[in-house]
Amino acid sequence: MLVLGVFVAAALAAPLLADEANLRAITADARDYPRWASPAELGPLGTDSLGRPIWDQLVYGSQVSLLVGIAATVIAIVIGTVVGVVGGFVGGWTDAALARLTEWFLVIPFLPLAIVLAAVLGPSLENIVLVIGITSWPVTARLIRSQVLSIKERLYVERSRALGASGAHIMGRHVLPSVMPLVIANATLTVPVAILSETALAFLGLGDPTRVSWGSMLEDSFSAGALGQEAWWWYLPPGLCVIAVVLSFTLVGRALEGILDPRLRDSHAVGR
Amino acid sequence: MTARLVAGKVLGALGTLAFVVVFNFFLFRVVESNPVATLYRGRNLTDAQREELTRQFGLDGSKLEQFWRYMEQTLQLNFGRSYATNQPVIDEIWAATPQTLALVGTSTVLAMAIGLAMGVVAGWRRGTAHDRVLTGISIVTWSTPEFWLGMLLLTVFAVDLGLFPTGGISDPSGPDGGLGELLDQAHHMALPCLTLTIAYLGEYALIMRSSIIDVAREDYLTLARAKGLRDAQVRDRHALRNALLPSTTLIALSFGFVLSGAITVETVFSWPGLGLLTYESLRGPDLPMLQGLFLLFSAAVIVFNLAAELLYPYLDPRVRAR
Amino acid sequence: MTVPILRVRDLRVTYRGERGVVPAVRGVSFELGPGETLGLAGESGCGKSSIAGALLRVLPRGTEVTGEVLLDGEDVLTMKPGRLRAVRWSEMAIVFQGALHSLNPVQRVGSQIAEAIELHQPGADARGRVSELLELVGLPARRAIDYPHQLSGGQRQRVLIALALACNPRVLVADEPTTALDVMVQAQVLDLLQRLQRELGLAMLFITHDLSMLAHVCRRTAVMYAGRIVEEGPSEDVFQRAAHPYAAALAAAFPVIGDPAFRKRPVGLVGDPPDPRELPPGCPFHPRCAVARPDCDSIEVELWPVAADRRAACVHVLGGPR
């Protein structure tokens, strides 16, 4: 939780913490920053092959990583919830068709699909969000559907239907409020997956070329040969940031899941 | 299991495959109505070049014509020629497949063996220090981008310590043929394999842990204990197999993730497999190659899932009887 | 009276879980001589099944069990693990509740029985013994190769009995062996248990919520409420002329079919058993008791003698104003 707060704050306060101009090689030249500078030479984190300070990239990178993670999750959760609720609630042919579709998308390997989508759509921030969003929804859809089915079984829905309530009324009054907590817990667990996906796509060069993200930093450092130069200050921090954010979202998500279902709390509790 | 059930499952898998193939068509020809323009945006093409490329990609004629031609070619495993090398896509793919199979196969087996064992121990001793440490490791490795892990291992073991080669599949000055060459290749594969193993054992451990915890409540384990079996015997003879059952489908699905991981890890270690091929095709971008690779990756996961479903009845007598 | 083979002294079982400390058994003592039968009756949640688990120490980890469980003078609760495993099943065995859950679903029933034999009698002809046992409980020997799901509820219960007898134990604990079976099958299983008990000279502790059953099977009966024995004595007496109002209500809840005397008496149990974490003060039964006195919420009840071989924990047995 605390770690998350720090990262969100850093992303929001990026202009205060770092200088956006430092993200451009031309500035680095103008300001005469040394290239391949270790943290000892130029604090706090040294510079890359073009003399751009790592610190500023890291701070601005958090914006992209968090934005993509959260925005893609919103898309995935909306699609997943709609498919799950409609399928589970309406039943019949609609449900069969949607379940099949979910199954298909579940089986298609995620990264290859995201790669072809990103390659076709072209690299931009919106497209990355879209690609991750439309490839991440099947898990949510399946979860929500089974939850809706079990709620439907419950007596109170039957009773309000018997009293002449419309389908929309039941959906709004009973089904949606009951699945909301699950949706939120699931969203918290989808964000880390989305962030990892963004990192992988950016590493493959499919990120927005005009924005710095942790994944694109790793890509830059890899293609500039930072490994051979042993420029650890370049590729170590972005990786650690990804792990920290992903880890905290995962732990918060598992904790939420546990609060919703005490049986799960037992089985997923993680020592800290 | 009856022949009818097998046939049903195979048909289901074929249905999924057909969906992927159709989806692929829509992706490249309908969503993006003019791939030529997209791919060469920013480059000046003459009209003649544009026409030639359009024909080359099979984009002339009506959408329906295109669809039939596409289906026909796909069924013959003809994905066109690579834009980069002008070789048939399928040849390039077959050439890269053995390397990926070796890498992904070895690391999947290792990650499964280690991860499942970790999950069993953690779940069986839930809440203890063992559990906390093992689950902690699992979640951290799960959270780590696999290619970044690869970069770290590469720096430490190849660059700093010089214990392993930094990339590729063989040493050009190394031995040719026979056992020597094989050992040299294994030496090159060690680091990427280690990377994928570490990156994915957490996934298996977490799946197995929650499965074991579910099983641990079962009455037949109490009975097994009352019989006088040792704790480890109760776990290995009675809990393990029952816990593996619900994990089978999840493990099969996770195979897709390992393949995805292979794309970035092969890139880091320049391992000449399908992953590196994908990475290189993206540079172009080499559209026919990407399509072929996407279809192949999807087919691989579908086949893997089918295998898991066909295997399931052998693990669970309750399903076999039906 | 002969020397008891099983002597339980002040047994207490306390569960410590996320929902707090639950004292399920709060000081229970009883004795069982060789070849004797004792019934233990009570509603679900009164602690009777916890006693079964405590006797062989198969309760969940972290459960606190105090008191003494003397098996042939040796305390089960303080045994070393190796000795405990040796005693389990070969000296004392449990017939578990017959639901599908007590047998491992992915193992043939024959090998589940053989496992116990191989464990305690290495070198014995396990297969021959399995056939013998199955026939003893009225099942054809070929059923050994079946999986639990292929058997009916009654057959599964017979397998559980065969399993309990596998190592010739001298003490048999039957924990609700007929729940979830229909009435006809219940009667068959009951007859079988009774016959085997007599033929093999087993000491048997029979646990059930159905008091009328004990009148058939057991010479003596103890009725439990809220973790304690509230009445004990010869089964016939407890069943037909219960001294404790709870035992009387429990007897009325399970009238013997065809006995007109029970039809007239209304079933006298209202309300639910108390939450073991928040027991009412005084006699824990007083909130549900039809004949409670004003001072019942303050008197500490204990087992007071009713007749020569009967005791009950109710102020009314002491006489005095109603």
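Right above here is the structure, for reference.
Structural notes, computed from the coordinates. Along each chain, residues carry numbers from 1 onward, in the same order as the chain's sequence is written. Working convention: letters from A go to chains and numbers from 1 go to ligands, in the order in which they are written. Totals for whole chains, interfaces and linings use all residues, but because this is a predicted model, local features are given only for residues with pLDDT of at least 70 and pairs of side-chain atoms are given and counted only at 80 or more. Excluding hydrogens and water, the side-chain values take into account all heavy atoms of the structure.

## With respect to the overall build of chain A
Test applied: Strands here are runs of E lasting at least two residues and helices are runs of H or I lasting at least four, both read from the DSSP assignment and numbered beginning at the N terminus. Partly exposed describes any residue whose relative accessible area lies between the buried limit of under 20% and the exposed limit of over 50%, with all areas from a 1.4 Å probe on protein chains only and scaled to the type maximum. It only takes one pair of heavy atoms within 4.5 Å for two residues to be counted as in contact. The protein chains shown are the only cover counted for residues, whose accessible areas, like all others here, come from Shrake-Rupley with a 1.4 Å probe.
For chain A, the helix and strand inventory stands at 14 helices and zero strands. Mapped in sequence order, the helices and strands of chain A form the string α-α-α-α-α-α-α-α-α-α-α-α-α-α. Across the 272 residues in chain A, those meeting the buried criterion constitute 55%. Sequence-distant contacts in chain A: of pairs separated by 6 or more residues, those separated by 24 or more amount to 70%. Total accessible area on chain A is roughly 11,400 Å²; 66% of this is exposed by carbon and sulfur atoms.

## Let's talk about the overall build of chain C
Rule in force here: Restricting the calculation to C-alpha atoms gives the radius of gyration, and the globule rule supplies 2.2 Å times the number of residues raised to the power 0.38.
In terms of regular secondary structure, chain C is built from 10 helices and 12 strands. In summary, chain C has a C-alpha radius of gyration of 20 Å against a globular reference of 20 Å for 322 residues, a match within 12%. With the C-alpha coordinates of chain C rotated into their principal frame, the extents come out at 65 × 50 × 45 Å. Each of the 322 residues in chain C was classed as buried or not, and the buried ones make up 55%. Taking as baseline every contact in chain C between residues at least 6 positions apart, the subset at least 24 positions apart corresponds to 63%. As presented, chain C carries roughly 14,100 Å² of accessible surface, and 52% of it is formed by carbon and sulfur atoms.

## With respect to the packing of helix H5 (residues 92-107) of chain A against helix H8 (residues 138-153) of chain A
All names here are of chain A. The criterion, for reference: Here, axes are lines fitted to C-alpha atoms. For helices the fit covers the stretch in contact, and angles between N-to-C directions go from 0 to 180 degrees. By convention the crossing between two helices is left-handed if the near helix lies anticlockwise of the far one by an angle smaller than a right angle, and right-handed if it lies clockwise. Each residue receives one of three labels: charged for Asp, Glu, Lys and Arg, nonpolar for Ala, Val, Leu, Ile, Met, Phe, Trp, Tyr, Cys and Pro, and polar for the others, Gly being one of them.
Between H5 and H8, the shortest axis-to-axis distance is 9 Å and the interhelical angle comes to 140 degrees. Considering the relative orientation of H5 and H8, their crossing is left-handed. Residues Asp-95, Thr-102, Glu-103, Phe-105 and Leu-106 of H5 lie in contact with H8, whose contacting residues are Pro-138, Val-139, Ala-141, Arg-142 and Arg-145. Of the residues in the contact of H5 with H8, the class split is five nonpolar, one polar and four charged.

## Focus: the interface of chain B and chain A
Under the convention used in this document: Note: buried area is the sum, over both parts, of the accessible area (probe 1.4 Å) each one loses when the two are combined. Whenever Lys or Arg places a side-chain nitrogen within 4 Å of a carboxyl oxygen from Asp or Glu, that contact is recorded as a salt bridge.
With 52 residues of chain B at the interface, the matching set in chain A holds 53 residues. In total, chain B and chain A occlude about 4,600 Å² of area from one another, counting both sides; carbon and sulfur atoms represent 77% of this. Looking at the side of chain B facing chain A, the largest losses of area belong to B:Phe19, B:Trp148 and B:Met151, adding up to 13% of the total buried there. Across the chain B-chain A interface, the total number found is zero salt bridges. Across the side of chain B that touches chain A, the residue classes tally to 27 nonpolar, 16 polar and nine charged.

## Things to note about the sheet that holds strand S4 (residues 64-71) of chain C
Residue and element names in this part refer to chain C. Stated precisely, the cut-off is as follows: Here a strand pair is declared whenever DSSP counts at least two bridges between the two strands.
Overall, antiparallel pairing links the four strands, which are arranged S2-S1-S4-S5 in an open sheet. Pairing within the sheet leaves two strands with one partner each, and these edge strands are strand S2 (20-32) and strand S5 (74-75). In this sheet, S5 lies alongside S4 in antiparallel orientation, the contact comprising two bridges. Pairing of Leu-71 across the sheet is with Glu-74, part of S5. Relative to the sheet, helix H1 (residues 48-55) contacts strand S1 (6-17), S2 and S4, its axis offset from that of S1 by approximately 110 degrees.

## Quick look at the interface of chain C and chain B
We apply this condition: What qualifies as a polar contact is a pair of N or O atoms within 3.5 Å, subject to a donor-acceptor requirement within protein and to the restriction that residues adjacent in sequence count only when both atoms come from side chains.
The interface is formed by 23 residues belonging to chain C together with 26 residues belonging to chain B. For chain C, the biggest contributors to the area lost against chain B are C:Arg85, C:Val106 and C:Glu115; these three give 26% of the whole. Along the contact surface separating chain C from chain B lie 10 residue pairs in polar contact (both at pLDDT 80 or more). Contributions of two or more residues to the side of chain C that touches chain B are made by helix H3 (109-120) and helix H5 (153-165) of chain C. Among the elements that take part in the side of chain C that touches chain B, H3(C) stands out by supplying five residues, more than any other.

## Some words on a nonpolar patch on the surface
Filter applied, for reference: Two joining distances apply to patches: 9 Å for like charges and 5 Å for nonpolar side chains (Val, Leu, Ile, Met, Phe, Trp, Tyr), and every residue must have over 30% relative accessible area and no salt bridge.
A cluster of nonpolar residues, A:Ile70, A:Val74, A:Val78 and A:Val82, forms a patch on the protein surface that exposes about 330 Å² of accessible area. The partly exposed category is assigned to A:Ile70, whose relative accessible area is 41%.

## Points about the sheet that holds strand S12 (residues 310-312) of chain C
The pairing of strands in a sheet happens through backbone hydrogen bonds and is either parallel or antiparallel. All names here are of chain C. The eight strands lie next to each other as S6-S7-S8-S3-S9-S10-S12-S11, forming an open sheet whose pairing is mixed. Two strands close off the open sheet at either side, each with one partner strand: strand S6 (92-95) and strand S11 (304-307). Averaged over all adjacent pairs, the angle separating strand axes in this sheet is 25 degrees, with direction ignored. Relative to strand S8 (residues 203-208), strand S7 (residues 171-175) runs parallel, the two sharing five bridges. Looking at S8, one finds that Ala-174 is bridged to Phe-206.

## Re unusual backbone geometry
Residue and element names in this part refer to chain C. Positive phi, close to 75 degrees, is recorded for Trp-89, a residue that is not glycine. Examined against the element boundaries, Trp-89 turns out to sit in the loop between helix H2 (81-87) and S6. Residue Trp-89 is classed as buried on the basis of its relative accessible area of 0%. The phi dihedral of Glu-176 falls on the positive side, at around 45 degrees, and the residue is not glycine. Examined against the element boundaries, Glu-176 turns out to sit in the loop between S7 and helix H6 (183-200). The exposure class of Glu-176 is buried, given its relative accessible area of 7%.

## Comments concerning the pairing of strand S3 (residues 37-41) of chain C
Residue and element names in this part refer to chain C. The buried fraction of S3 amounts to five of the five residues, a majority that puts the element mostly inside the structure. Pairing between S3 and S8: five bridges, direction parallel. When the sheet's bridge partners are listed, Gly-39 is paired in S8 with Phe-206. Both S3 and strand S9 (residues 220-225) contribute to a ladder of four bridges, which runs parallel. Directly across from Leu-40, in S9, lies its bridge partner Ala-222.

## Comments concerning helix H7 (residues 125-135) of chain A
Counting buried positions over the 11 residues of H7(A) gives eight, a clear majority of the element. For H7(A), the set of buried residues is A:Leu125, A:Asn127, A:Ile128, A:Val129, A:Val131, A:Ile132, A:Gly133 and A:Thr135.

## Focus: the packing of aromatic side chains
Defined as follows: Only centres within 6.5 Å qualify two rings of Phe, Tyr or Trp (six-membered ring in Trp) as a pair; their planes then separate them into stacked at under 30 degrees, edge-to-face at over 60, and tilted for everything else.
A full pass over the atoms with the stated rule returns 12 aromatic pairs over all chains. The interplanar angle of 85 degrees and the centroid separation of 5.6 Å between the aromatic rings of A:Phe105 and B:Phe23 together place this pair among those described as edge-to-face. Note that A:Phe105 is positioned in helix H5 and B:Phe23 in helix H1 (residues 3-31), a pairing that runs across two chains. Between the aromatic rings of C:Tyr225 and C:Phe285, the centroid separation amounts to 5.0 Å while the plane-to-plane angle is 85 degrees, which identifies the pairing as edge-to-face. Of this pair, C:Tyr225 sits in strand S9 while C:Phe285 sits in the loop between helix H10 (260-264) and S11, and the two are 60 residues apart along the sequence. We note that C:Tyr225, like C:Phe285, is buried. Through successive ring pairs, a cluster of aromatic residues spans A:Trp104, A:Phe105, A:Trp137, B:Phe19 and B:Phe23.

## Digging into helix H6 (residues 110-121) of chain A
Residue and element names in this part refer to chain A. So the rule is basically this: Under the convention used throughout, the expected extent of a helix is 1.5 Å for every residue step, that is, one less than its residue count.
Its 12 residues give H6 an end-to-end C-alpha distance of 16 Å, which sits within 8% of 16 Å, the value for a rise of 1.5 Å per residue. Counting buried residues in H6 gives 11 out of 12 residues, a clear majority hidden from the surface. Residues Phe-110, Leu-111, Pro-112, Leu-113, Ala-114, Ile-115, Val-116, Leu-117, Ala-118, Ala-119 and Val-120 constitute the buried set of H6. The first or second residue beyond H6 is Gly-122, which carries a positive phi of 90 degrees.

## Here we look at the side chain of A:Ser213
Residue and element names in this part refer to chain A. Examined against the element boundaries, Ser-213 turns out to sit in the loop between helix H10 (167-203) and helix H11 (214-223). According to the relative accessible area criterion, Ser-213 is buried, its value standing at 3%. Leave out the neighbours within four places in its chain, and Ser-213 touches Gly-61, Val-64, Ser-65, Glu-198 and Ala-202.

## A short note on the nonpolar core
For clarity, the threshold we go by: To form a nonpolar core, buried Ala, Val, Leu, Ile, Met, Phe, Trp, Tyr and Cys residues must be joined to one another through side-chain atoms within 4.5 Å.
Residues A:Leu111, A:Leu113, A:Ile115, A:Leu201, B:Phe147, B:Met151 and B:Val268 are the most contacted members of the largest nonpolar core, which totals 111 residues. Apart from residues no more than four positions distant in its own chain, A:Leu201 is found in contact with A:Leu111, A:Ala114, A:Ile115, A:Ile128, A:Val131, A:Ile132, A:Leu206 and A:Gly207. Counting residues in hydrophobic clusters, the runner-up holds 103 residues, among them B:Leu223, C:Val69, C:Leu211 and C:Val223.

## Some words on the pairing of S2(C)
In summary, the side chains of a regular strand alternate between the two faces of the sheet. Residue and element names in this part refer to chain C. In this sheet, S2 lies alongside S1 in antiparallel orientation, the contact comprising 10 bridges. Bridged to Gly-17 within S2 is Gly-20. Connecting S1 to the next strand, S2, in antiparallel fashion are two residues.

## Quick notes on the pattern of salt bridges
Per the counting criterion, the structure on display carries 27 salt bridges over all chains. A:Arg145 is paired through a salt bridge with A:Asp95; the nearest N and O atoms lie 2.7 Å apart. You can see A:Arg145 sitting in helix H8 and its partner A:Asp95 sitting in helix H5, a full 50 residues away along the chain. Beyond isolated ion pairs, a larger network of salt bridges with shared partners links B:Lys227, B:Arg237 and C:Glu115.

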